[in-house]
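Notes for the structure review
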Amino acid sequence: MYKVKIVVLLFWSLFIVISCKQEAKEPEKDAASVAQAIEEHSKHLNDWFETQFQDEVAKSPMTQTFLGIKTSDYGKWDDISSKKEVEDLEVAKQRLAYLKDSIDISKLNQATLLSYKLMKQDLKNEIEDFQYRFYNYPVNQMQGMHAQVPAFMINMHRIEDKSDAEAYISRLDAMDELFAQLIENMKIREKNGILPPKFVFAKVLDDSHNVITGKPFDKSNQESTLLADFKRKIAKLEISDDESNQLISKVEKSLTQGVKPAFDNLIALLEAQQQRATTDDGCWKFPKGKAFYNNALQRTTTTDMTAEQIHELGVKEVARIHGEMKDIMKQVAYEGTLQDFFKYLKEDKKFYYTNDEKGKAAYLKEAVGLIDTMKSRLDELFITKPKADIVVKAVEPFREKSAGKAFYQQGTPDGSRPGKYYANLYDMEAMPKYQMEALAYHEGIPGHHMQRSISLELKDIPKFRMFAGYTAYTEGWGLYTEQLPKEIGMYSDPYSDFGRLAMELWRACRLVVDTGIHAKKWSREQGIKYYTDNTPNAESDAVKMVERHIVVPSQATAYKIGMNKILELREQAKKKLGDQFDIREFHDVVLTNGAVPLNVLEELVQDWITTKNSDSQKENEEHS
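Residues numbered from 1 in each chain as written. Predicted model: local features only at pLDDT ≥ 70, side-chain atom pairs only at ≥ 80, totals over all residues. Heavy atoms only, no water.

As for the overall build of the protein chain
Of the regular secondary structure elements, the protein chain holds 25 helices and 3 strands. C-alpha atoms of the protein chain, sized along the principal axes, occupy 120 × 65 × 55 Å. Out of the 624 residues belonging to the protein chain, those deemed buried represent 52%. For the protein chain, restricting intrachain contacts to residue pairs at least 6 apart in sequence, the fraction spanning at least 24 positions comes to 78%. As displayed, the protein chain has an accessible area near 29200 Å², and 52% of this comes from carbon and sulfur atoms. The protein chain carries 86 positive and 97 negative side-chain charges, and their two centres are separated by 2 Å. (Helix = DSSP H or I, 4+ residues; strand = E, 2+ residues; numbered from the N terminus. Buried < 20%, exposed > 50% of the residue type's maximum accessible area, 1.4 Å probe, protein only. Contact = heavy atoms within 4.5 Å. Areas by Shrake-Rupley, 256 points an atom, 1.4 Å probe, with all protein chains shown as cover. Lys, Arg positive; Asp, Glu negative; His and termini not counted. Charge placed at Lys NZ, Arg CZ, Asp CG, Glu CD.)

Overview of the nonpolar core
Core analysis: the biggest nonpolar cluster contains 176 residues, and Tyr363 and Tyr421 have the highest contact counts within it. Beyond its immediate sequence surroundings of up to four residues, tyrosine 363 is in contact with Tyr353, Tyr421, Ala423, Leu425, Met428, Met431, Met436 and Leu439. (Core = buried A, V, L, I, M, F, W, Y, C linked by side-chain atoms within 4.5 Å.)

A short note on unusual backbone geometry
Residue proline 216 is bonded to the preceding lysine 215 through a cis peptide linkage, with omega at 0 degrees. The topology assignment puts proline 216 in the loop between helix 8 (198-211) and helix 9 (225-234). With an omega of 10 degrees, the peptide bond between isoleucine 445 and proline 446 qualifies as cis. Mapped onto the elements of the fold, proline 446 is located in the loop between helix 16 (436-443) and helix 17 (448-457). The backbone phi angle of threonine 302 is positive, close to 50 degrees, even though this residue is not glycine.

Here we look at the packing of helix 9 against helix 10 (residues 241-276)
Remark: helix 9 packs on helix 10, axes separated minimally by 11 Å, with the N-to-C direction vectors making an angle of 155 degrees. In terms of axis orientation, helix 9 runs roughly antiparallel to helix 10. As for the relative orientation of helix 9 and helix 10, their crossing is right-handed in sense. Contact residues: Leu226, Leu227, Phe230, Lys231 and Ile234 in helix 9; Ser244, Leu247, Ile248, Val251, Glu252, Leu255 and Val259 in helix 10. For the contact of helix 9 with helix 10, the residue count by class is 9 nonpolar, 1 polar and 2 charged. (Axes fitted to C-alpha atoms, helices over the stretch in contact; angles between N-to-C directions. Parallel < 35°, antiparallel > 145°, perpendicular 65-115°, else oblique. Left-handed = near helix turned anticlockwise from the far one by under 90°. Nonpolar A, V, L, I, M, F, W, Y, C, P; charged D, E, K, R; others polar.)

A closer look at the pattern of salt bridges
Counted by the stated rule, this structure contains 46 salt bridges. With a shortest N-O distance of 3.0 Å, glutamate 56 and arginine 95 are connected by a salt bridge. Placement of the pair is glutamate 56 in helix 1 (residues 2-58) and arginine 95 in helix 3 (residues 82-102), with a sequence separation of 39 residues. Judged by its relative accessible area of 31%, glutamate 56 falls in the partly exposed class. Between glutamate 160 and arginine 158 there is a salt bridge, with the nearest N and O atoms lying 3.2 Å from each other. Salt bridges here are not isolated pairs; linked through shared partners, they connect Glu317, Arg320, Glu324, Glu504 and Lys560. (Salt bridge = Lys/Arg side-chain N within 4 Å of Asp/Glu carboxyl O.)

Observations regarding a negative patch on the surface
A surface patch of like charges, here negative, comprises Asp79, Glu87, Asp173, Asp176 and Glu177. Position of aspartate 79 relative to the elements: it lies in the loop between helix 2 (61-66) and helix 3. (Patch = residues over 30% accessible without salt bridge, like charges linked within 9 Å, V, L, I, M, F, W, Y side chains within 5 Å.)

Concerning the packing of helix 5 (residues 145-155) against helix 9
As a packed pair, helix 5 and helix 9 sit with axes 10 Å apart at the nearest point and diverge in direction by 10 degrees. As summarised for this structure, helix 5 and helix 9 are arranged roughly parallel, according to the angle between their axes. Mapping the contact onto sequence places Pro150, Met153 and Ile154 in helix 5 and Thr225, Leu226, Asp229, Arg232 and Lys233 in helix 9. Looking at the contact of helix 5 with helix 9 residue by residue, the class counts come to 4 nonpolar, 1 polar and 3 charged.

Re the packing of aromatic side chains
Inspection of the entire model under this criterion finds 33 aromatic pairs. Taking 4.7 Å as the distance between ring centres and 20 degrees as the angle between the ring planes, the aromatic pair formed by tryptophan 48 and tyrosine 98 counts as stacked. With a gap of 50 residues between them, tryptophan 48 in helix 1 and tyrosine 98 in helix 3 connect regions that are remote in the sequence. Owing to a relative accessible area of 12%, tryptophan 48 belongs among the buried residues under this scheme. (Phe/Tyr/Trp six-rings, centres within 6.5 Å; stacked < 30°, edge-to-face > 60°.)

Concerning the environment of glutamate 184
With respect to the element layout, glutamate 184 can be found in helix 7 (residues 175-191). The exposure class of glutamate 184 is partly exposed, given its relative accessible area of 40%. Considering only alpha carbons, one finds glutamate 184 and lysine 76, 108 residues apart in sequence, at a separation of 19 Å.

Some words on helix 11 (residues 289-301)
In this model helix 11 runs 18 Å from its N-terminal to its C-terminal C-alpha over 13 residues, within 8% of the 18 Å that 1.5 Å per residue would give. For helix 11, the complete set of buried residues consists of Gly289, Phe292, Tyr293, Asn295, Ala296, Leu297, Thr300 and Thr301. Backbone geometry just after helix 11 places threonine 302 at a positive phi near 50 degrees. (Expected span 1.5 Å × (residues − 1).)

Some thoughts on the sheet that holds strand 1 (residues 390-394)
With mixed pairing, 3 strands are arranged side by side in an open sheet as 1-3-2. Because the sheet does not close on itself, it has two edges, and the strands there are strand 1 and strand 2 (406-409). When the angles between neighbouring strand axes are averaged without regard to direction, this sheet yields 20 degrees. As defined by bridge partners, strand 1 adjoins strand 3 (residues 419-423) across 5 bridges and the pair is classed as parallel. Considered in strand 3, the bridge of isoleucine 390 is made with glycine 419. (Pairing = 2+ DSSP bridges.)

Take a look at the structure:
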């Protein structure tokens, strides 16, 4: 009996041991199954993201060229018709339905879940914003096919062999069809009460005439912009003189028979609309203009801030920055009022390069030097750095009169085309030396070039995120990086530091003037006066800026709101992490997820803080 009990006990002991081992293995098996399901479902969704991105690229010959991709569409333009917009809406609805109905978010890894949220929100916004699709000006002094097309041909369309040259010619031939769609879009908007204010027309007419000036459009000795570009590019090809002459003959024919009719038709419409235009500037004049502007502010800032809140923030920031400027006046021992100091900076020639070729060349050389110096300091602030190169260029003559002060054009993902920092040297009095440093940091390094290049070089996010553009994030980063170099000892000259403050002040004024024009019915003249009264910038700067506010409502509010959010999140991280805070890691969080809305950026930073604190706590427990 005893032996029986022993056997039974041994049996049950063995059973329990085996059972415990099985129970121990079950969670491991379940965890492995869950991990595999997450991996498979995440891959499935990422594959879908890639398919959607490639579908969009396939429908856009211009995007293909922008990305450095050459296909059979290399000689074509995008479809910009209103019919295409309706088709795009249906595609957006189908994609949103797929995300809602076919994706189990509980089976997505963290990175893919973020992509899911971003895509879903983008699609919802696209569908909701369809009602406002005519609430813009397809042609204005800031942007439009009249300027985009020649800039695209010059900067984007590469000619590396004879077939590329033929594709260039094909695009010129097809320009009349592209502009026919553009003209129809402009007519639809006018029927809906969306017509640019009167000041826009003289500027876009001037730019349009510039494109069709020179050979072969007239008998002048100077070649037109596009002919000169084409000749310069094919001169690098290894082809015979006969082949070269044949190509030049073809391009001259395309310019006169494709490009000139396209611009002539556009000019005719612009001249007719100019007669009907008014001097009302704000989008309050549109049907449902208030609702449109409020929506535009939400999209631009990716916040719920109202026009009134943004306006008041701007007023407060202007006052704060004026106070810091007065401190610099004391440093340089200037006696007088802030307005006197502004006048001094505007009028003293030592603060400007000469308005000639020598002065412009000196400006570009100095800008390159500033960027190169900053490159040598990046390890102090960043872990991840861009591989792509950057070049500094002057804005081309055909568009410099109406283009902005400076801007950045990103390169290609494969590095075949570098990023470009464009400085507008049309009016050297609008490009003071004391603002050079901040401008180079914003547009170049560590600003837009660094941000956009890192995004393009990311390996573990879908392409739609690599090319995403949330204005408050991108421009907020640009403005933040004007201040960042000061923290490592840059801006050693008080005047350059004043220039940094002047740039920030300019963005604070934007909050006031944008909302003033579109929500408070300020006139163009009121906006210009606010800038000239409160900043040291040239009046020509103020005019361009106010006119930009008018044609792109809300866009200019992104800079200061984005910068403030990044600084706010950085301060939160410093407080919560204490000695554990590493600014290089913080910048990695901001940069290595691609562009995101500000609310999502806040979530990413909070997650990083939580993870850092958790890791620190575990480390302390292990050592205790």
